[in-house]
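Results of the structural survey
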Amino acid sequence: MFLFNKIKDVIGIDIGSNSVKLVQLKDLKGSYQLLNAGIVPLPPEAIVDNTIMDSSSIAVAIKSLVSSLGVKVKDVACSISGNSVIIRKITLPAMPIEELEDQITWEAEQYIPFDINDVNMDFQILSPDVYDPSKMNVLLVASKKDIINDYVSVFSESGLQLSVVDVDSFAVQNAVELNYDFDAEDVLALVNIGACVMNINVIKGGITLFTRDVQMGGNLYTEEIQKQLGVSGVGAESMKILSHETNNVELLDVLEKVNESISQEIRRSLDFYNSTANDARISKVFVSGGASKGYKLIEAISTKIGLPVEIINPFAKLKYNEKDFDPEYLQEIGPLMAVSVGLAMRRVGDK
């Protein structure tokens, strides 16, 4: 959403709580070719509550990833979510985009709980208002400048230049729309479950109808395993990763209870959307993020909300050379890469 430099190609870098993901794509005019994809872990607490706490460790991880993949492009698209970003759908008098650009700062002041001079801001005109054609719906996105500056600094320390800042949920939307075919009337819920934050984005015809970030994610499994089974953080993480191969009844019980918590939170958000929406009801849910691969989570979500649920494959329609990329590896890492694929599609000037 926030564009800083006029550039042509970018690499998409998703800095999460547990790892850094990188994707580089080549635009083939109508499709994309995968040039690079990789993941490198981050030390614990390098990112806390979506805030960069250990910029040096993150910069080292990014440098290592860029070097190991042989990436030469220096311009980066990254994204933010959770407490780092404010997203509001607002209704304004209909006006040309040029006029809105002049007025948006004044209009936005009543919706942003910070000094307007302390934020970076962008907007997108969505549609005319259904009930009043003299008005229009606008998506307003803002983030405090010091948050953005932290990302600028960490990429600069990595020898890169931050050129585009997007929002996690919108990056996932880009990846889904690239890889899946939908009818214009389909209403879809995109749920990205990271380590600490869950992004929920309800879309129809490429337009966001509802978006929400929830402070809940895959780390909840680790915390509950640690607490309920009395193991260390490292042990709990290992048990979580190997949960598909275990017959430990106590462990599976903990996992199922966390599945219930996450599923209930998703249902609560989607019920809220359905109760306020004038558009058609949600017909399908797509899930991404590292936690989406958790033990029986997809089945739990589908049961709770009564809808089909599918894990996103952000590489589904990308062209790539199988000599360079193992299809099984791409399938394995796919759920973690939806944000970075969506970021790698970004070009300056688009919305």
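Our subject is the structure listed above.
Residues numbered from 1 in each chain as written. Predicted model: local features only at pLDDT ≥ 70, side-chain atom pairs only at ≥ 80, totals over all residues. Heavy atoms only, no water.

**Looking at the environment of Ser302**
Threshold: The helix count covers DSSP runs of H or I at least four residues long, the strand count covers runs of E at least two residues long, and both are numbered beginning at the N terminus. Type-normalised accessible area, obtained with a 1.4 Å probe on protein chains alone, sets the label of each residue: buried when under 20%, exposed when over 50%, and partly exposed for intermediate values.
Assignment of secondary structure puts Ser302 in helix H8 (residues 297-305). On the basis of relative accessibility, which here comes to 25%, the residue Ser302 falls in the partly exposed class. Between the C-alpha atoms of Ser302 and Lys284, which are 18 residues apart in sequence, the distance is 9.5 Å.

**As for the pairing of strand E14 (residues 207-214)**
Stated precisely, the cut-off is as follows: Should DSSP find at least two bridges between two strands, the strands are taken to pair.
Bridge count for strand E13 (residues 198-204) against E14 is seven bridges, and the pairing is antiparallel. Within the sheet, the bridge partner assigned to Ile203 lies in E14 and is Thr208.

**Topic: the sheet that holds strand E16 (residues 309-311)**
Rules: Simply put, an axis is a line fit to the C-alpha atoms, just over the touching stretch for a helix, and the angle between two N-to-C directions goes from 0 to 180 degrees. Here a residue-residue contact requires only that any non-hydrogen atoms of the pair lie within 4.5 Å.
With mixed pairing, the five strands of this open sheet are ordered in space as E14-E13-E12-E15-E16. In this open sheet, the two edge strands, each paired with only one partner strand, are E14 and E16. In this sheet, neighbouring strand axes are inclined to one another by 20° on average, regardless of whether the strands run parallel or antiparallel. In the packing of helix H4 (residues 168-179) onto the sheet, the strands contacted are strand E12 (187-193), E13, E14 and strand E15 (284-288), and the crossing angle to E13 comes to about 50°.

**Notes on the pattern of salt bridges**
Rules: Note on definitions: salt bridges are taken to be side-chain nitrogens of Lys or Arg within 4 Å of carboxyl oxygens of Asp or Glu.
This model, assessed by the stated rule, comprises 13 salt bridges. A salt bridge links Asp14 to Lys21; the nearest nitrogen and oxygen atoms lie 3.7 Å apart. The class of Lys21 is buried, set by a relative accessible area of 9%.

**A short note on the packing of helix H5 (residues 219-229) against helix H7 (residues 249-276)**
The test is simple: In what follows, roughly perpendicular refers to angles from 65 to 115 degrees, roughly parallel to angles under 35, roughly antiparallel to angles over 145, and oblique to any angle outside these ranges. Left-handed describes a crossing whose near helix is turned anticlockwise from the far helix by less than a right angle; the clockwise case is right-handed. Think of it as three bins: nonpolar holds Ala, Val, Leu, Ile, Met, Phe, Trp, Tyr, Cys and Pro, charged holds Asp, Glu, Lys and Arg, and polar takes everything else, Gly as well.
One can describe the packing of H5 onto H7 by two numbers: an axis separation of 10 Å at closest approach and a directional angle of 140°. One way to sum up the angle between H5 and H7 is to call them oblique. In this structure, the crossing between H5 and H7 has a hand that is right-handed. Here Leu220, Tyr221, Glu224, Ile225, Gln228 and Leu229 of H5 come into contact with H7, specifically with Glu250, Leu251, Val254, Leu255, Val258, Asn259 and Ile262. Grouping the amino acids of the contact of H5 with H7 by side-chain chemistry returns nine nonpolar, two polar and two charged.

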